[in-house]
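Summary of structural features
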Amino acid sequence: MTGAHSSGTIVEAAEMHPAPNGVVYQYGTAGFRTKADILDSVMTRCALIAALRSRKVGGQWIGMMITASHNPPEDNGVKLVEAMGNMLTEKWEALATEMANKPTPEAVLEYYEEIAFKNNIDLKSPARVVLARDTRASGARLQACVIDGLKAAGAEIRDFGYLTTPQLHYMVRCLNTNGAYGTPTEQGYYEKFGGAFKRALRGKKPTGTLTVDCANGVGGPKLAELIKYLPPKSEGLEIIIVNDNVVKPEALNVECGADFVKTNQRAPPSSGAGPNDRCCSLDGDADRVVYYFKDGNSMFHLLDGDRIATLVATFLGDLVRTSGLADQIKLGVVQTAYANGAATHFVKDNLKLKVECTPTGVKYLHHEAEGMDIGVYFEANGHGTVVFSPDTLKTIAAYEPRSPGQKESLDTLKACIDLINSAVGDALSDALLVEVILAHKNWGAEEWLGTYNDLPNRLLKVIVKDRNMFKTADAERQLVKPEGVQKLIDAEVQKVRQGRSFARASGTEDAVRVYAEGATRAEADDLARKVAEIVKAAGAA
Ligand SMILES: CC(=O)N[C@H]1[C@@H](OP(=O)(O)O)O[C@H](CO)[C@@H](O)[C@@H]1O
Ligand SMILES: [Mg+2]
């Protein structure tokens with residue numbers, strides 16, 4: 001911990017880390033993210049924004065996570081975390097973007113003072129910022145740039161060194177709730193989630209083993225630590241850690257990790273798992289997880305975010321019902337347009353739950369889930385968690401079960417609430433929750449896969465002149481611009497059995513994404529190709 005007083009001025013800090021010429025930065029879906037060697041100035045300036053944000057919210061702790069998640073090792077980035085552990089509000093994303101693009105140190109100071117003035121911020125009031133980073137080689141240098149900014153702004157700093165992104169979110173929430181969410185230490189995190197796992201299992205033992213691919217990122221050492229707080233493998237879960245080499249930062253996310261598995265629809269080549277062995281992969285900062293296994297014929301099966309959402313919604317729905325709370329608490333599921341049609345169908349027609357669709361990006365899903373009693377949200381790629389409304393938590397805490405059966409369910413439900421990191425999607429906590437559910441159902445990955453059949457689907461990227469000319473409506477499912485393109489897509493969709501397709505500009509890459517699904521692999525592939533051609537032609541105009 002360092003002192004609360006400024007050393008050096010804002011101008012000096014900005015001078016120490018000058019902005020490169022001609023680079024335009026943007027606080028995107030997941031913060032600033034680009035090649036690490038052009039991020040120094042962004043880090044210092046983002047630190048100023050964090051300090052201002054903390055002052056704006058009465059000196060509460062604001063989080064800064066230095067990571068580029070699933071990106072290649074040479075990239076890095078930074079995301080800001082709000083006081084309750086959620087992602088930075090959109091209005092402040094715009095302020096961060098503008099600050100990052102100021103041309104001179106003097107302009108940085110001017111803008112810093114302008115933000116303070118326009119937002120009624122007293123620059124002498126306390127500012128508190130909590131920091132962590134993933135294992136990238138550039139992390140130490142970029143962190144020094146952050147600290148220069150924080151010191152110049154006179155912020156109190158708490159530096160946790162290496163953490164997963166969700167651990168940092170956890171720290172922020174703990175620090176601002178006086179420990180109500182947990183103890184703001186790494187040990188506190190392991191005790192909370194390890195303890196809840198044990199309580200939620202209620203003596204049930206998961207079948208087989210779980211092989212966890214840690215993408216050679218920060219999730220590896222943190223999972224190794226967490227395991228020490230779980231029941232011994234003889235009573236609980238046997239976890240086999242693979243791809244946990246953080247000494248070789250150039251191995252991060254290479255041929256492994258959640259993004260590799262989801263995009264390539266195959267296991268990491270390094271995985272030593274046998275037939276039907278349950279496996280999961282984390283991404284580089286451990287905020288996303290997907291499951292998979294190979295069957296007896298070496299056929300690969302993916303259990304992605306949609307599958308986790310349906311499994312979790314099924315289980316929590318059952319617990320609410322068997323506790324006797326079904327009249328008071330309603331569950332809902334939030335997805336994006338990328339959710340497999342079969343998953344949406346399963347939630348609506350089998351589970352009879354409400355399904356909402358939001359634009360891509362965790363912040364939209366999280367926000368929508370906050371409007372539900374219990375909101376289960378996952379992106380297909382494995383980002384997600386469960387959100388419980390304050391009223392729901394009160395109802396559950398005050399509820400008196402009327403039978404031993406109800407009590408049993410209620411206790412499991414309470415333990416699951418503690419096991420879920422509802423500040424943000426957390427690969428470690430999500431995986432433990434999946435394991436608890438499978439153990440209660442006495443299921444392996446095969447039984448889980450058997451709950452419904454995914455529709456074959458294809459995701460393509462189309463490079464166009466200017467992706468910003470593609471504008472969507474209806475949670476990104478309809479193209480409104482360029483005009484007339486949606487009609488052409490609709491005409492192709494009509495020709496395919498169980499066809500569905502949409503195109504939207506990516507928020508993180510310079511491309512338009514095309515998604516298509518259909519009754520067969522051939523139909524899905526064909527539809528995706530046709531829609532990609534339509535987009536390519538429209539984008540060339
Ligand atoms: C289809 C897809 O997987 N899109 C990803 C990707 O967004 P795009 O806007 O599609 O580039 O990165 C986001 C941030 O990590 C993640 O939230 C989202 O799910
Ligand atoms: Mg991530």
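Residue numbers here run from 1 along each chain, matching the order of that chain's written sequence. Think of it this way: whatever chain is written first is A, whatever ligand is written first is 1, and the rest follow in order. Under the rules for a predicted model, residues below a pLDDT of 70 receive no local features and side-chain atom pairs below 80 are neither given nor counted, while totals for whole chains, interfaces and linings still include all residues.

Brief notes about the overall build of the protein chain
Where helices and strands are cited, they refer to DSSP runs of H or I of at least four residues and of E of at least two residues respectively, numbered from the N terminus. Scanning the protein chain from terminus to terminus reveals 18 helices and 19 strands. Against the globule reference of 24 Å for 541 residues, the protein chain gives a C-alpha radius of gyration of 23 Å, in line with a compact fold. With respect to the three principal axes, the spread of C-alpha positions in the protein chain is 60 × 60 × 45 Å. Counting other C-beta atoms within 10 Å of a residue's C-beta gives its exposure: the residue is buried at 20 or more, exposed at 12 or fewer, and partly exposed in between, where C-beta atoms are placed from the backbone. Looking at the protein chain as a whole, 53% of its 541 residues qualify as buried. In this description, a residue-residue contact is defined by the distance between C-beta atoms placed from the backbone, which must lie within 7 Å. Within the protein chain, counting contacts between residues at least 6 apart in sequence, those at least 24 apart form 72% of the total. Here the globule rule reads 2.2 Å times residues to the power 0.38, and the radius of gyration is calculated from C-alpha atoms.

A short note on the domain arrangement of the protein chain
Domain start and end points were adopted from an automatic or database domain assignment. Assigned domains of the protein chain: these are domain 1 (10-162), domain 2 (187-302), domain 3 (305-430 + 442-449) and domain 4 (457-540). Put simply, the middle of domain 3 and the middle of domain 4, counted by C-alpha atoms, are 30 Å apart. The interface of domain 3 with domain 4 comprises nine residues on the first partner and 10 residues on the second. Residues belonging to the side of domain 3 that touches domain 4 are distributed by class as follows: four nonpolar, five polar and no charged. Classification convention: Asp, Glu, Lys, Arg as charged; Ala, Val, Leu, Ile, Met, Phe, Trp, Tyr, Cys, Pro as nonpolar; all other residues, Gly among them, as polar.

A few points about the sheet that holds strand β12 (residues 354-358)
At least two DSSP bridges between two strands are required for those strands to pair. Pairing is mixed across the open sheet formed by four strands, whose spatial order is β12-β11-β13-β14. A strand with exactly one partner marks an edge of an open sheet, and here the two such strands are β12 and β14 (384-388). Recorded for the sheet is a direction-independent mean angle of 20° between the axes of neighbouring strands. Bridge count for strand β11 (residues 331-336) against strand β13 (residues 374-378) is four bridges, and the pairing is parallel. Bridge pairing in β13 places Val 334 opposite Tyr 377. Lines are fitted to the C-alpha atoms to define the axes, a helix being fitted only along its stretch in contact, and any angle between axes, read from their N-to-C directions, falls within 0 to 180 degrees.

Description of the pairing of strand β9 (residues 289-294)
Counting buried positions along β9 gives five out of six residues, so the element sits mostly inside the fold. The pairing of strand β8 (residues 278-282) with β9 spans four bridges and is classified as antiparallel. Each bridged residue has a counterpart across the sheet, and for Ser 281 the counterpart in β9 is Val 290. Counting the residues in the hairpin turn of β8 and β9 gives six residues, including Ala 286, whose phi is positive at 60°.

Observations concerning the UniProt feature "domain: Alpha-D-phosphohexomutase C-terminal" (unreviewed entry) in the protein chain
UniProt positions are given in the numbering used here, feature names are shortened, and annotations may be inferred rather than shown by experiment. Within this numbering scheme, the UniProt entry marks residues 460-533 as carrying the feature "domain: Alpha-D-phosphohexomutase C-terminal" (unreviewed entry). As annotated, residues 460-533 has a helix share of 31% and a strand share of 30%, and its two end C-alpha atoms lie 11 Å apart.

Some remarks on the packing of helix α17 (residues 485-494) against helix α18 (residues 521-540)
Closest axis-to-axis distance for the α17/α18 pair is 10 Å, and the angle between their directions is 165°. As judged from the angle between their axes, α17 and α18 are roughly antiparallel. Every pair of crossing elements has a handedness; the one defined by α17 and α18 is right-handed. Of the residues in α18, those touching α17 at Val 485, Leu 488, Ile 489, Glu 492 and Val 493 are Leu 527, Lys 530, Val 531, Ile 534 and Ala 538. Any angle between 65 and 115 degrees counts as roughly perpendicular, while under 35 counts as roughly parallel, over 145 as roughly antiparallel, and the rest as oblique. Working rule for handedness: look at the near helix, and if it is turned counterclockwise from the far one by less than a right angle, call the crossing left-handed; if clockwise, right-handed.

Considering the sheet that holds strand β19 (residues 512-517)
The strand order across the open sheet formed by three strands is β15-β19-β18, and the pairing between neighbours is antiparallel. For this open sheet the edge positions go to β15 (457-462) and β18 (500-505), each flanked by a neighbour on one side alone. The sheet shows a mean angle of 15° between the axes of neighbouring strands, direction not considered. Relative to β19, β15 runs antiparallel, the two sharing six bridges. Counterpart to Lys 461 in the pairing with β19 is Arg 513. Contacts from α18 reach β15, β18 and β19, with the element oriented near 150° to β19.

Brief notes about the confidence of the model for the protein chain
Per residue, pLDDT captures the predictor's confidence, and it can take any value from 0 to 100. Put simply, the protein chain has an average pLDDT of 95, and 99% of its residues get 70 or more. Between residues 1-7, whose pLDDT stays under 50, and residues either more than four places distant or in other chains, the model counts 12 contacts.

Details of the packing of helix α7 (residues 186-201) against helix α15 (residues 427-441)
Relative orientation of the contacting elements α7 and α15 amounts to 10°, with a least axis distance of 9 Å. On the basis of their axis angle, the class for α7 and α15 is roughly parallel. In this structure, α7 meets α15 at a crossing whose hand is right-handed. Along its contact with α7, which presents Phe 193, Phe 197, Ala 200 and Leu 201, the element α15 presents Leu 428, Ser 429, Leu 432, Val 436 and Ala 439.

A few points about the nonpolar core
By definition, a nonpolar core groups buried Ala, Val, Leu, Ile, Met, Phe, Trp, Tyr and Cys residues that are joined through C-beta atoms within 7 Å. Among the nonpolar cores identified, the biggest contains 166 residues, and Cys 46, Met 64, Val 129, Val 312, Leu 316 and Leu 419 are the most heavily contacted of them. Discounting chain neighbours no more than four positions away, the residues touching Leu 419 are Phe 193, Ala 196, Phe 197, Ala 200, Ser 429, Leu 432, Leu 433 and Val 436.

Examining the pairing of strand β3 (residues 75-81)
A large share of β3 lies buried, amounting to seven of its seven residues. Where burial is concerned, the two faces of β3 agree: the one with Asp 75, Gly 77, Lys 79 and Val 81 and the one with Asn 76, Val 78 and Leu 80 are both buried. Sheet topology note: the strand β2 (residues 61-66)/β3 ladder contains four bridges and is antiparallel. Bridging across to β3, Gly 63 finds its partner in Val 81.

As for the environment of Gly 220
For Gly 220, the position within the fold is in helix α8 (residues 219-227). Put simply, Gly 220 and Ile 38 are 182 residues apart on the chain and 27 Å apart in space, counted from C-alpha to C-alpha. Residues within four places of Gly 220 in sequence aside, it is in contact with Cys 214, Ile 241, Asp 244 and Val 246.

Quick word on the UniProt feature "binding site: Mg(2+)" (unreviewed entry) in the protein chain
Mapped onto this numbering, the UniProt entry annotates "binding site: Mg(2+)" (unreviewed entry) at Ser 69, Asp 283, Asp 285 and Asp 287. Judged by maximum C-alpha separation, these annotated positions cover 219 residues in sequence but sit close together in space, the widest gap being only 8.2 Å. Counting through the fold element by element, Asp 283 comes out in the loop between β8 and β9. Residue classification places Asp 287 among the buried residues on the basis of 33 C-beta atoms within 10 Å. Excluding residues within four positions of it along the chain, Asp 287 makes contact with Thr 164, Thr 165, Pro 166, His 383, Val 424, Gly 425, Asp 426 and Ala 427.

A look at helix α3 (residues 90-100)
Here α3 has its buried residues at Trp 92, Glu 93, Leu 95, Ala 96, Met 99 and Ala 100. Projected down its long axis, α3 carries its buried residues within an arc of 160°, all on one side. In this structure, α3 carries Glu 90, Lys 91 and Ala 94 as exposed residues pointing more than 90 degrees from its buried face. Residues of α3 that are buried make contact with β1 (32-35), α2 (40-56), β3 and α4 (105-118). Throughout, the arc means that of the directions going from the helix axis to the C-beta atoms.

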